[in-house]
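One-letter residues, chain by chain:
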Amino acid sequence: MKCPSCENIIRPAQVTERESHGLNVHFHCPHCRARLAVNGRATRAKLMGFVLLLSGSGVMLWGPERSWVFGLMVCVAGGVLAISARRKEQQLRWLDKPGGADQN
């Protein structure tokens, strides 16, 4: 992940304190102490994409003979949803600037 404030790369192991509100996660950048948040909607969409991927796989494997086309379409839709949501999830939201003031 990349901090929108200081443009440094943040690895998950560097984050020591975090607050969770369901799938929304808030934490501080270890470099500039800006308060950041992970997009909870993107996390939900990613989980829904994986569920669709698994459901489509199940239909393809254990469904009637002609249902593999429907299962394939569901798998592709779930994969596209999961990949696009993962890309959106990597973009962090900036909740407050370090020091509470604008630093332009």
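Residues numbered from 1 in each chain as written. Predicted model: local features only at pLDDT ≥ 70, side-chain atom pairs only at ≥ 80, totals over all residues. Heavy atoms only, no water.

Trainee: An account of the environment of Ala-77 is needed here, citing residue identities and associated values.
Mentor: If you trace the backbone, Ala-77 turns up in helix H2 (residues 68–89). Look at Ala-77 and you get partly exposed, because its relative accessible area is 40%. Put simply, Ala-77 and Ile-9 are 68 residues apart on the chain and 31 Å apart in space, counted from C-alpha to C-alpha. (Helix = DSSP H or I, 4+ residues; strand = E, 2+ residues; numbered from the N terminus. Buried < 20%, exposed > 50% of the residue type's maximum accessible area, 1.4 Å probe, protein only.)

Trainee: Lay out the pattern of salt bridges in plain terms, naming residues and giving numbers.
Mentor: Scanning the entire structure with this criterion turns up five salt bridges. When the shortest N-O distance is used, the salt bridge between Arg-35 and Glu-19 registers 3.7 Å. Of this pair, Arg-35 sits in strand E3 (residues 35–38) while Glu-19 sits in strand E1 (residues 18–21), placing them 16 residues apart in sequence. Residue Arg-35 is classed as partly exposed on the basis of its relative accessible area of 23%. Here Glu-89 makes a salt bridge to Arg-86, at a shortest N to O gap of 3.0 Å. Here Glu-89 and its partner Arg-86 are both found in helix H2, three residues apart, which amounts to about one turn of the helix. In this structure Glu-89 comes out as buried when scored by relative accessible area, which is 9%. (Salt bridge = Lys/Arg side-chain N within 4 Å of Asp/Glu carboxyl O.)

Trainee: Break down unusual backbone geometry for me, citing the residues and quoting the values.
Mentor: For Glu-7, which is not glycine, the phi torsion reads 65° and is therefore positive. Structurally, Glu-7 is set in the segment before E1. In the Ramachandran plot, Arg-33 falls in the positive-phi region, its phi being about 65° despite a non-glycine side chain. Here Arg-33 shows up in the loop between strand E2 (24–28) and E3.

Trainee: Kindly report on a nonpolar patch on the surface, identifying the contributing residues and their values.
Mentor: A cluster of nonpolar side chains, namely Met-60, Trp-68, Val-69, Phe-70, Leu-72, Met-73, Val-76 and Val-80, defines an oily patch on the protein surface of about 780 Å² accessible area. Per-element tally for the nonpolar patch: the top contributor is H2, with seven residues. Checked against the element boundaries, Trp-68 lands in helix H2. What makes Trp-68 partly exposed here is its relative accessible area of 47%. (Patch = residues over 30% accessible without salt bridge, like charges linked within 9 Å, V, L, I, M, F, W, Y side chains within 5 Å. Areas by Shrake-Rupley, 256 points an atom, 1.4 Å probe, with all protein chains shown as cover.)

Trainee: Could you give an account of the layout of surface pockets, naming the residues involved and the relevant values?
Mentor: Here the largest pocket defines a volume of roughly 230 Å³. Lining the largest pocket are Met-1, Ile-10, Pro-12, Val-15, Arg-18, Val-25, Phe-27, Val-38, Arg-86, Glu-89 and Gln-90. Within the residue set of the lining of the largest pocket, elements represented by two or more residues are E2 and H2. Partitioned by chemical class, the residues of the lining of the largest pocket number seven nonpolar, one polar and three charged. (1 Å grid on protein atoms, 1.4 Å probe; cavity = no way out; pocket = protein on both sides within 12 Å on 5 of 7 lines; lining within 4 Å. Points joined across faces, edges and corners; volume = space filled by probe spheres on them. Nonpolar A, V, L, I, M, F, W, Y, C, P; charged D, E, K, R; others polar.)

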